[in-house]
Structures are given as C-alpha cells and as structure tokens.
Protein chains: 2
Amino acid sequence: MGQNSVIPKRCRGRPQIRPDEETLELVVEAAAAEFQANGYASATMCNVAQRAGISTKTMYRLIPRKADLFKKVISDRIGQFMLQVDPAELDKYDLADAMERMLVSFGSLTLSEETIALLRLVIGESERFPELAAAFHEIAVVQTTNAMAGWLERQCRRGALKIDNPVLSASALRGMMTMDLQRSAMLGLAAAPTPDEIRARAKFCAGLFLNGCQSAGE
Amino acid sequence: MGQNSVIPKRCRGRPQIRPDEETLELVVEAAAAEFQANGYASATMCNVAQRAGISTKTMYRLIPRKADLFKKVISDRIGQFMLQVDPAELDKYDLADAMERMLVSFGSLTLSEETIALLRLVIGESERFPELAAAFHEIAVVQTTNAMAGWLERQCRRGALKIDNPVLSASALRGMMTMDLQRSAMLGLAAAPTPDEIRARAKFCAGLFLNGCQSAGE
DNA sequence: TATTTTGGAAAACGGCAAGTTTCTAAATCA
DNA sequence: TGATTTAGAAACTTGCCGTTTTCCAAAATA
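Residues numbered from 1 in each chain as written. Chains lettered and ligands numbered in written order. Predicted model: local features only at pLDDT ≥ 70, side-chain atom pairs only at ≥ 80, totals over all residues. Heavy atoms only, no water.

## What to know about the relation of the copies chain B and chain A
Laying chain B over chain A is done by rotating through 180 degrees and shifting 0.0 Å along the axis; what remains is an RMSD of 0.1 Å. The two molecules are tied by a two-fold rotation axis, judged by turn and shift. A share of 100% of interface residues in chain B that are also interface residues in chain A marks the association as one of identical surfaces. (Least-squares fit on C-alpha atoms with pLDDT ≥ 70 in both. Contact = heavy atoms within 4.5 Å.)

## With respect to helix 5 (residues 66–78) of chain A
All names here are of chain A. For helix 5, spanning 13 residues, the distance from its first C-alpha to its last is 19 Å, which sits close to the expected 18 Å at 1.5 Å a residue. Buried within helix 5 are the following residues: L69, F70, V73, I74, R77 and I78. Where helix 5 is buried, its residues meet helix 2 (20–42), helix 3 (45–52), helix 8 (113–124) and helix 9 (130–158). (Helix = DSSP H or I, 4+ residues; strand = E, 2+ residues; numbered from the N terminus. Expected span 1.5 Å × (residues − 1). Buried < 20%, exposed > 50% of the residue type's maximum accessible area, 1.4 Å probe, protein only.)

## Points about empty space enclosed by the protein
The tally for this structure, following the rule as stated, stands at three cavities of 30 Å³ or more. Lining the largest cavity, in full, are A:L119, A:I123, A:M179, A:Q182, A:R183, A:M186, B:L119, B:M179, B:Q182, B:R183 and B:M186. At the level of elements, helix 8 and helix 10 (166–186) of chain A together with helix 10 (166–186) of chain B are the ones that each hand at least two residues to the lining of the largest cavity. Looking at the lining of the largest cavity residue by residue, the class counts come to seven nonpolar, two polar and two charged. (1 Å grid on protein atoms, 1.4 Å probe; cavity = no way out; pocket = protein on both sides within 12 Å on 5 of 7 lines; lining within 4 Å. Points joined across faces, edges and corners; volume = space filled by probe spheres on them. Nonpolar A, V, L, I, M, F, W, Y, C, P; charged D, E, K, R; others polar.)

## A closer look at the domain arrangement of chain A
Residues and elements named next belong to chain A. Considered domain by domain, chain A is made up of domain 1 (17–64) and domain 2 (78–210). Computed from C-alpha atoms alone, the centre-to-centre distance between domain 1 and domain 2 is 32 Å. Taken residue by residue, the interface counts five residues in domain 1 and five residues in domain 2. In this assembly, domain 1 packs against domain 2 so that about 450 Å² is buried in total across both faces, 70% of it on carbon and sulfur atoms. Of all residues in domain 1, the largest losses of buried area upon contact with domain 2 belong to F35, Q36 and Y40, amounting jointly to 90% of the total for that side. If you look at where domain 1 meets domain 2, you find zero salt bridges. Taken together, the links from domain 1 to domain 2 amount to zero residue pairs in polar contact (both at pLDDT 80 or more). Partitioning the side of domain 1 that touches domain 2 into residue classes produces three nonpolar, two polar and no charged. (Domains from an automatic or database assignment. Buried area = accessible area lost by both parts, 1.4 Å probe. Salt bridge = Lys/Arg side-chain N within 4 Å of Asp/Glu carboxyl O. Polar contact = N/O pair within 3.5 Å; in protein donor to acceptor, adjacent residues only side chain to side chain.)

## Quick look at helix 3 of chain A
Residue and element names in this part refer to chain A. When we look at burial in helix 3, the residues that qualify are M45, V48, A49 and A52. Around the axis of helix 3, the buried residues are gathered within 95 degrees of arc, so they sit on the same side. For helix 3, the exposed residues lying more than 90 degrees away from the buried face are C46 and Q50. Where the residues of helix 3 are buried, they touch helix 2, helix 4 (56–62) and helix 5. Two residues or fewer past helix 3, G53 is found with a positive phi of approximately 75 degrees. (Arc of directions from axis to C-beta.)

## Considering the interface of chain B and chain A
Every contact between the two is made by 52 residues of chain B and, on the other side, 52 residues of chain A. Carbon and sulfur atoms supply 59% of the area that chain B and chain A bury against each other, a total of about 4,300 Å² over both sides. At the boundary of chain B with chain A, the tally comes to four salt bridges. Measuring nitrogen to oxygen at the nearest pair gives 3.7 Å for the salt bridge that ties A:D180 to B:R174. The tally of links between chain B and chain A comes to 13 residue pairs in polar contact (both at pLDDT 80 or more). For the side of chain B that touches chain A, the secondary structure elements donating two or more residues are helix 2 (20–42), helix 8 (113–124), helix 9 (130–158), helix 10 and helix 11 (195–211) of chain B.

## Let's talk about the side chain of B:E125
All names here are of chain B. Examined against the element boundaries, E125 turns out to sit in the loop between helix 8 and helix 9. Of the residues examined, E125 reaches a relative accessible area of 13% and is grouped as buried. Those residues in contact with E125 that lie beyond four places of it in its chain are Y40 and F70.

Next comes the structure, spelled out in structure tokens:
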C-alpha cells in the first residue's frame, strides 16, 4: 500500500511535464502577481496563463473559475498572518523594550509590501467576496489583536501595567502603530516602510502608550 | 451685460426640462450610489442613467466617459473632509475634555458610512486613478492631521502637553481612534459606529494619549 | 509503427457593457 | 400649422474577456 502510492503508475501516452499540484502552484503564483498588478476585474485569465507559461486549456483543467482562483490566491496568503508573541522571550527585556519589540514584529508583518497588496485586494473586492473579507479579518485582525491583548494582560498581572480593557488597548496600539503608514502605502503614495522606520515608530508608540504625553505630572 | 446673463435667451425648439447643470447633478448623485453599491468595474453606465431617470444619450452628452464620471463623483465628495478644529472653542474645556471633543469630531467625520464607502472606492481603484488617491490623501489625511497637530502644538505652548513631534503624535492619535473601526466597516464586517461608540472610544483614546497606562508612576 | 495520452496555440463562442445612432414624441416659435 | 430643436427609448456596434473547443505536435507504450 505504501509502495502503491510511491511508485508512479506509468501508463501509456505522453507523460505530464509536472504533477498537477506543481502546475497549480505556478498558476496561483502567476495569478497573485496578476491580481496585485491589476485588481480582480482588470486581471485576465489569459494573462495569468501567460505569466504561468501554460495554456488556458491546462489552466482551466486545474482551476475552472476565475473567482475560485482569486479565492485560492487570497486564502493561501492569509495564513501568513500569525503574529508570534512569545511572552517568555519578551520577558527578558524591560517593559518599554519588550513592547517595542512586539510592535516591530507586528509592524513588519502588517506593513510589508505583500500584506498591503493583499489588504488592498480584499478591501476592493469585499463586496464580491465577503467570505474572504471575514476570513482576513478573523486571522489578520482578531487573532493578532488577541495575541497583543494577551501580552498586555500578562503585564497587568505582573503589575507593570494598569489596563481595564486589554483588547481595546491592543486595538489602539495597533492603530497608532500602523494606520497612517499602511494607508499611505495602500493608496500607492508611499513605499512600504523600511525596517528602520518601523523601529522608530515602534519606539515612539511604546513611549506614548506607556507614558502618555501630559506634562502636568512631570 | 448683467441683464444678458440673467435673461435666458429663449430659442426655438423643445426646451430643456432642466438646465444641464442640474441634470449633471442628478447623474453624479446616481453614479455615487451606483459606484458605492457595485464598485467601479461592476457599475454600469446604463444603471447610472436609470437611477438618474434619464437616457444614456443625455448622460453621455453631459459626461462622455465613465472614468470622468468616477473622478467627478470622488472629487466632489473629497471636499467634505475639512476637520474643523476651533482652538478658541476648545479652550473652554479642560485638556481631556477638549481632546475628547476633537476626537469625536474627527471620528464622526472619518467613520461615517459615506466616508468609509468613499475610502473603499479610492483604495480599490488607486491603481487606475492615482490622482484621486493623492487628492484624497492630501485633503482627508494631511490636512486633518495638520489641524490636529496644530492644536497639540498649541497645548504644548500653554505647557499642558510635552510633545516633540506634533505631526507624529497626531498621526498616532488618529490611528488609535479610528483604524480598527474603519477597517471593520470597510471590510463590510460591521456597520459604521454609532455616535455613542465614537464618544466612548474618544474618551478612551484621550485618556490613553494623555496618561499612558503604566502603573509604576501611580 | 500504431496507438494513446498530454499540452499548447489559437480560434470560436457567448455574454456583457461602453459608447453611438436612429427614430419618435414633445415643445416651442414663426 | 409647420419648422425647428430637444429628450428619451431602444436598437445597434464594437470590443473585451471568460470559457470552450479544435487541431496538432510531442512523447510515451505496445
């Protein structure tokens, strides 16, 4: 039985150049480029096939609908959005440094060229593909917010922070860190920020979040 | 000369039902609804004419290209984005209240159904219409940020705040106030927030911005 | 070599939507 | 009333694109 699945059952006729899975992978990569370059409506299946270096016939055998191809492109890429927050690792640093590091991770994730292109596509097509919008939100927003909120809560238990609503605080933190940078990039008005820019903004946001900016108390 | 321009020069033939300007206004409103409902690519000129209650012939006489119609819809609506920050008015309140009020104004502006629909359109079509993206950014982002930054700077001069970079701080403040709410709405996952929700978030953000959340100093 | 299976190029098909045109009715002046 | 000008409905043209199909060369087995 193990042998059956390993040994390729050679049959008559011209053999496939690649297994279908590999060809499909080529198609999905080509489609990602095409959709990102032109958006859903203006992307054409002919272009996708050309980018992939195969004929439309072969492409349609593997993935018969444009809408399905789009869904596959998006959902394959949504999986990248896991924000790794390792509390034990972060505990090695003092509070401000730890928060800064968390924000750098988060910023690098959400401000990459690829993420921004993906988000632009999902927003633009959220009417036509609401299930993609929901999936994106669940993974890229809810889960990363929860990861940050969990870390905040941990700091509260340690007595380092005093927060009533960690989820709300995490949401605010995300917003101050990435909103403007992400939107400028989505609108095509700025390149995705460099690591240095991300670090600088993380440092600023950590300071603001922890200390506020009121001069009265100082 | 004044009379010449006031007296309508009646000429032979069937008179227009409305002056062209009014008809064009109908078209633009109809187009706004159509674009918001379907996006640029899926909106059809036939639907626009139907919504406006006119024929395609009349519509094309007034605005010959779909792309031009889209530009007109968007740029007509970009003008609404002036954030009014009246320092004299805000000075009547204490710092936290004043900031809360400013954030409520800002939130009401940027989190309305209409603004969110507009932003979604601009983002989705920023490849095809980069000049619209640039105009939107200048008016809706740069100018409102500057208005907020100006107010922050004023508070610094009064000694109420201590801020190195008011523009960066304003950007952070905007982000924490609106990012998540706006994105959920843009993705179609939540309705635009109610005035109560906006007020609550403004209060939270003002507190966080002014005081931070570190418990060590308390 | 004959048969079988595969992939590619390109034509064909069908529908849709941008933009045009034709035809007719309405409304006004001479 | 007749000439003139305009609006609108609907048919039409045109071209694009998703999808299917045809035809043929390549590559394997028997």
